[in-house]
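# Fold and contact review
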Amino acid sequence: MSDQQNVYPVRDDFAANAWADKAKYEAMYQQSMDDPEGFWAEQAKRLDWIKAPTKIKNTSFARDNVDIRWFEDGLLNVSANCLDRHLEKRGDQTAIIWEGDNPDDSKHITYRELYARTNQLANALKELGIGKGDTVTLYMPMIPEAAMAMLACSRIGAVHSVVFGGFSPDAVAQRVIGADSKLVITADESVRGGKHVPLKENVDAALTRDGTDVCKNVLVVKRTGGEIDWKEGRDVWFDELVDKQSSECEPEAMGAEDPLFILYTSGSTGAPKGLKHTTGGYLTYAAMTHQYVFDYQEGEIYWCTADVGWVTGHSYIVYGPLANGATTLMFEGVPSYPTHGRMGDIVDKHNVNILYTAPTAVRALMAHGENVMDSSKRDSLRLLGSVGEPINPEAWEWFYRVIGNEKCPIVDTWWQTETGGIMIAPLPGATPLKPGSATVPFFGVKPALVDNEGKQLEGATEGNLVILDAWPGQARSIWGDHERFVQTYFSTYDGMYFTGDGCRRDEDGYYWITGRVDDVLNVSGHRMGTAEIESSLVAHSAVAEAAVVGFPHDIKGQGIYIYVTLNDGIDPTDELKKELTQWVRKDIGPIASPDVIQWAPGLPKTRSGKIMRRILRKIAANECDGLGDTSTLADPSVVDELIEHRANQ
Ligand code: ATP
Ligand code: MG
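Residues numbered from 1 in each chain as written. Chains lettered and ligands numbered in written order. Predicted model: local features only at pLDDT ≥ 70, side-chain atom pairs only at ≥ 80, totals over all residues. Heavy atoms only, no water.

For the protein, the name recorded in an unreviewed UniProt entry is Acetyl-coenzyme A synthetase, with Halomonas campaniensis as its organism. Of the protein, the UniProt comment under Catalytic activity (unreviewed entry) reads exactly: "acetate + ATP + CoA = acetyl-CoA + AMP + diphosphate". The annotation that UniProt attaches to the protein under Sequence similarities (unreviewed entry) is "Belongs to the ATP-dependent AMP-binding enzyme family." (UniProt positions renumbered as here; feature names shortened; annotations may be inferred.)

Written as structure tokens, this is what we have:
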């Protein structure tokens, strides 16, 4: 089974040149555990502070007093750390490579240009009456203006709330209201996979909803020139207002614990939660993890394929890379357009060295076979990364072999919107890799596994993943609802941060995420995570993707219901169902034997690409009327299709 597979030792070139080798990782990790104050005081020096912090850590996870503060008497400005301080040394270096949806469109923006435009935008925001502590909603395409808008907010102390550009008017309205946003920044349209999405029209619709009258202005980037309605007095063209501003704007001195942004989770397990992230600890942590986990070296081209609407885009397209003076690539389109080889083509076009993507993207490519990347060589790649879901070992191996040409380590990074940055991941110069395992904790992260009563489990074991002490990047609250924050993360096990994920730890101390705790199956008294059964199925040559849920079963308590998406060109036959059943029985054991297999042309996923098992569970249980919060579902037609062809149990 999964952990008896290949181990990939640290490559010699990485061990010799990386930011951390094994000895350094171990020494630094130990120090971060023994003396968190000293460790993080030192790390905070990676930032430029207006006033350096003297109070480092002041945190409590106690259920009746959840209070998390880092560097609380320090003053700094995030945009100054991402821009101003780089001008002298790397003003002419590319900060952002933008690759448009159309493969013929791309541009390079230097640090100096990004600085000037961000300052102009910051001044424009001021002209619209936005100041320190105000919130601004961003509903934007993947264009450089999105990064500029985030940085411009941080420059003047405004709090941004990015809403993924694929969301509906209702989601925009809810978030404008939730954050009390005085301003929405958007574009006329976005372009993805050759199709135009009417962002401005969606904002217009959102702002007719009750309660949205807090929003006074809409700042509109002209992306396509497509036709839009215009509301005089409210709507403002981005270029018209920004062009005329000064390119100098004094950065606001922000307290380390002042809010930097609000961001919603993906909504995989329920209604999305709007987390509050703050300034000093978040940036320290985003920058440090970006440097060490991706082993970012001077001058490298780094590409994270996430959208800025997710935390991955915040921490690892914008804030981490720019704080480190990196060149970060921002891609407007989708990996399947104009062909499934697009990711590889982009790598070759821009000589990308580090590629950070998601299992869902890897599995989608796998379904198109070994030759899907043949239009590119990808020789520039040095390191690969994965985030968002457990990466099935089979997908890991494929990613390694087909995309990385068997020479790039893969960093499988486990973390959450709530954690602000990467929590469990290998360091490529220090950690031997095991496909399917996120491996070991990052500096300062103290994971533990507990049973359902909160008792800590030792050694090689399986349990609920908790974090025992605070780290600088973590969310401080749910925006406007601290009680829900405490309830969701700190009330299950007193004094611990509960992640909601199940996890196994092996003999080497490696962590393997087994799936969401909510999704754990209990079959005849045996508890099973979803990841293991799904990975077993994905390892079969006919299977592209699989999702496993439990359903009520008279004898076993829960039965195993499996949704399977087949690879391109494979016929869904009863024969194949039998074969897959045998496959799982043989691989994991009779206890994991599927009761029902349903063919799924597509699986319901969140907009960030995660399988929404809670919806599949409802379909399996034949409770198709109350599917719960579906606001972050990417494609509702997938659900209709599954309901229509629901398997007979
Ligand atoms: P919600 O909290 O609204 O249900 P969500 O948990 O999907 O949504 P995110 O914060 O985007 O929202 O995702 C974090 C979750 O993604 C983690 O708790 C974990 O379940 C999963 N995850 C992320 N990275 C990995 C990884 N490398 N391996 C396994 N699981 C991962
Ligand atoms: Mg979550």
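Another aspect to go through is the environment of Thr-360. Relative to the assigned elements, Thr-360 resides in helix α14 (residues 359–366). Taking the C-alpha atoms as reference, Thr-360 lies 9.4 Å from Val-387; in sequence the two are 27 residues apart. In this structure the side chain of Thr-360 is engaged in a polar contact, spanning 3.0 Å, whose partner is the side chain of Lys-605. (Helix = DSSP H or I, 4+ residues; strand = E, 2+ residues; numbered from the N terminus. Polar contact = N/O pair within 3.5 Å; in protein donor to acceptor, adjacent residues only side chain to side chain.)

Looking now at the UniProt feature "domain: Acetyl-coenzyme A synthetase N-terminal" (unreviewed entry) in the protein. In this structure's numbering, the residues bearing the UniProt feature "domain: Acetyl-coenzyme A synthetase N-terminal" (unreviewed entry) are residues 25–82. Here residues 25–82 is 40% helix and 24% strand, with 26 Å between the C-alpha atoms at its ends.

Bringing the pattern of salt bridges into the picture now. In the structure shown here, the tally under the stated rule is 38 salt bridges. The partner of Asp-519 in a salt bridge is Arg-613, with the nearest N and O atoms 3.8 Å apart. With a gap of 94 residues between them, Asp-519 in the loop between β26 (511–516) and β27 (521–523) and Arg-613 in helix α19 (residues 613–620) connect regions that are remote in the sequence. Overall, Arg-613 belongs to the buried group, its relative accessible area being 8%. For Glu-623, the salt bridge goes to Lys-618, with nearest N and O atoms at 3.8 Å. (Salt bridge = Lys/Arg side-chain N within 4 Å of Asp/Glu carboxyl O. Buried < 20%, exposed > 50% of the residue type's maximum accessible area, 1.4 Å probe, protein only.)

The next thing to look at is the site of ligand 1. Contacts to ligand 1 come from 21 residues, most closely from Thr-265, Ser-266, Ser-268, Thr-269 and Thr-417. A distance of 2.9 Å separates an oxygen atom of ligand 1 from a polar atom in the side chain of Gln-416. Contact with the protein chains removes 95% of the 630 Å² of surface that ligand 1 exposes when unbound. Within the shell around ligand 1, the residues separate by chemical class into five nonpolar, nine polar and seven charged. (Near = heavy atom within 4 Å. Areas by Shrake-Rupley, 256 points an atom, 1.4 Å probe, with all protein chains shown as cover. Nonpolar A, V, L, I, M, F, W, Y, C, P; charged D, E, K, R; others polar.)

Let us look at the sheet that holds strand β22 (residues 456–457). Spatially, five strands are ordered β22-β21-β23-β25-β26 in an open sheet, and the strand pairing comes out antiparallel. Single-partner strands in this sheet number two, and they are β22 and β26. In this sheet, β22 lies alongside strand β21 (residues 447–450) in antiparallel orientation, the contact comprising two bridges. By the bridge assignment for β22, Val-450 is matched with Gln-456. (Pairing = 2+ DSSP bridges.)

This next bit is on the domain arrangement of the protein. In terms of domain boundaries, the protein breaks down into domain 1 (12–80 + 279–514), domain 2 (110–255) and domain 3 (524–645). One C-alpha centre belongs to domain 1, the other to domain 3; they are set 28 Å apart. Between domain 1 and domain 3, the contact holds 15 residues from the first and 19 residues from the second. Linking domain 1 to domain 3 there are one salt bridge. Among the ionic pairs, Glu-545 bridges to Arg-363, the shortest N-O distance being 2.6 Å. The tally of links between domain 1 and domain 3 comes to nine residue pairs in polar contact (both at pLDDT 80 or more). Secondary-structure elements contributing two or more residues to the side of domain 1 that touches domain 3 are α14, α15 (393–403) and β26. (Domains from an automatic or database assignment. Contact = heavy atoms within 4.5 Å.)

The next point concerns the UniProt feature "binding site: Mg(2+)" (unreviewed entry) in the protein. As annotated in UniProt, the feature "binding site: Mg(2+)" (unreviewed entry) corresponds to Val-538, His-540 and Val-543 in the numbering used here. The residue Val-538 is located in helix α17 (residues 530–538) in this model. Among the residues examined, Val-538 registers a relative accessible area of 2% and is labelled buried. Excluding anything up to four places from it in sequence, Val-538 contacts Asn-392, Glu-394, Val-543, Ala-544, Glu-545 and Ala-546. By secondary structure assignment, the location of His-540 is in the loop between α17 and β29 (543–553). Sequence-distant contacts of His-540, defined by excluding residues within four places in its chain, comprise Leu-576, Glu-579, Leu-580 and Trp-583.

All right, on to the state of the cysteines then. If you walk through the whole model with that rule in mind, you get zero disulfides. Between Cys-249, a cysteine without a disulfide, and Cys-153, which holds the nearest cysteine sulfur, the sulfur-to-sulfur distance is 11 Å. (Disulfide = S-S within 2.5 Å.)

Most of strand β23 (residues 461–467) is tucked away: six of the seven residues are buried. Bridge analysis of β21 against β23 gives four bridges, and the strand direction is antiparallel. By the bridge assignment, Pro-447 is partnered in β23 with Ile-467. Alignment of β23 against strand β25 (residues 497–505), held across six bridges, turns out to be antiparallel. The residue bridging Ile-467 from the neighbouring strand is Tyr-497, located in β25.

Attention shifts here to the sheet that holds strand β17 (residues 327–331). The sheet built from seven strands is open, its strands ordered β5-β4-β17-β16-β18-β19-β20 with mixed pairing. Only two strands of the sheet have a single partner each, and these edge strands are β5 (106–110) and β20 (410–412). Taking the axes of each pair of neighbouring strands and ignoring which way they run, one obtains an average angle of 20° across the sheet. Bridging between strand β4 (residues 94–99) and β5 involves five bridges; their strand directions are antiparallel. Opposite Thr-94, over in β5, you have Thr-110 as the bridge partner. Across the sheet, helix α13 (residues 342–350) lies against β4, β5, β16 (301–304), β17 and β18 (354–357), angled at about 140° from β4, the strand it touches most. (Axes fitted to C-alpha atoms, helices over the stretch in contact; angles between N-to-C directions.)

On to the nonpolar core, then. Leu-121, Leu-125, Leu-219, Tyr-319 and Phe-443 are the most contacted members of the largest nonpolar core, which totals 140 residues. For this core, the leading source of residues is helix α7 (residues 144–156), giving nine residues. Mapped onto the domain boundaries, this core takes at least three residues apiece from domain 1 (12–80 + 279–514) and domain 2 (110–255). Filtering out sequence-adjacent residues up to four positions away, Tyr-319 remains in contact with Val-78, Cys-82, Met-150, Leu-151, Ser-154, His-160, Leu-260, Phe-261, Tyr-282, Leu-283 and His-314. Met-343, Val-362, Tyr-400 and Ile-403 belong to the second-largest nonpolar core, a separate cluster that totals 29 residues. (Core = buried A, V, L, I, M, F, W, Y, C linked by side-chain atoms within 4.5 Å.)

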